[in-house]
Amino acid sequence: GVTGVQTCALPIYALATLDIALPTPNDTKTHFVHVSARMRGDGRIHVIEAARHHSHLMSSLVDCNAIAILVPGGSYGVGESANIIIVDADALGDS
């Protein structure tokens, strides 16, 4: 391998239960939202928080370990599900 270069695994996709609502604009675009996800006692992954997206709020991304994929026309209310890309599986924890 090349010195200083680390290999990374393929992205991990999962279906997560929403503990918070993820509103989407009424448009035809797919939206990607930085979120915090955790493994819960029910054995499912839950989205527990979403980062606020403003250029001056980079600190809100610190605790994010996944990206929610919100497709046009989807419903993303509390208790519903969303596809996520897990970017830090170690941070899923058990809570």
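Structure first, text after, so check above.
Parameters and conventions
Residues numbered from 1 in each chain as written. Predicted model: local features only at pLDDT ≥ 70, side-chain atom pairs only at ≥ 80, totals over all residues. Heavy atoms only, no water. Salt bridge = Lys/Arg side-chain N within 4 Å of Asp/Glu carboxyl O. Helix = DSSP H or I, 4+ residues; strand = E, 2+ residues; numbered from the N terminus. Buried < 20%, exposed > 50% of the residue type's maximum accessible area, 1.4 Å probe, protein only. Core = buried A, V, L, I, M, F, W, Y, C linked by side-chain atoms within 4.5 Å. Contact = heavy atoms within 4.5 Å. Pairing = 2+ DSSP bridges.

**A closer look at the pattern of salt bridges**
This model, assessed by the stated rule, comprises 2 salt bridges. Between Arg40 and Asp19 there is a salt bridge, and its shortest N-O distance comes to 3.9 Å. With Arg40 in the loop between β2 (31-39) and β3 (45-50) and Asp19 in the loop between β1 (12-18) and β2, this pair connects stretches of sequence that are 21 residues apart. Residue classification places Arg40 among the partly exposed positions, given a relative accessible area of 25%. By relative accessible area, Asp19 is classed as partly exposed at 32%. Linking Arg44 and Asp42 is a salt bridge whose minimum nitrogen-to-oxygen distance equals 3.0 Å. In this structure Asp42 comes out as partly exposed when scored by relative accessible area, which is 41%.

**Let's talk about the nonpolar core**
The tendency in soluble globular proteins is for nonpolar side chains to be buried side by side. The biggest cluster of nonpolar side chains holds 17 residues, and the ones touching the most others in it are Leu22, Val35, Ile45, Ala68, Leu70 and Ile84. When neighbours within four sequence positions are excluded, Ile84 is seen to be in contact with Ile12, Tyr13, Ala14, Ala16, Ala37, Ile45, Val47, Ala66, Ile67 and Ala68.

**A short note on the pairing of strand β4 (residues 66-70)**
Across the 5 residues of β4, 4 count as buried, placing the element largely inside the fold. One ladder, built from 5 bridges, connects β2 with β4; its direction is antiparallel. Bridge pairing links Phe32 to Ile69 in β4. Pairing geometry for β4 and strand β5 (residues 81-86), over 4 bridges, is antiparallel. Residue Ile69 lies in a different strand from β5, and its bridge partner there is Asn83.

Everything listed is a geometric property; what it means functionally is a separate question.
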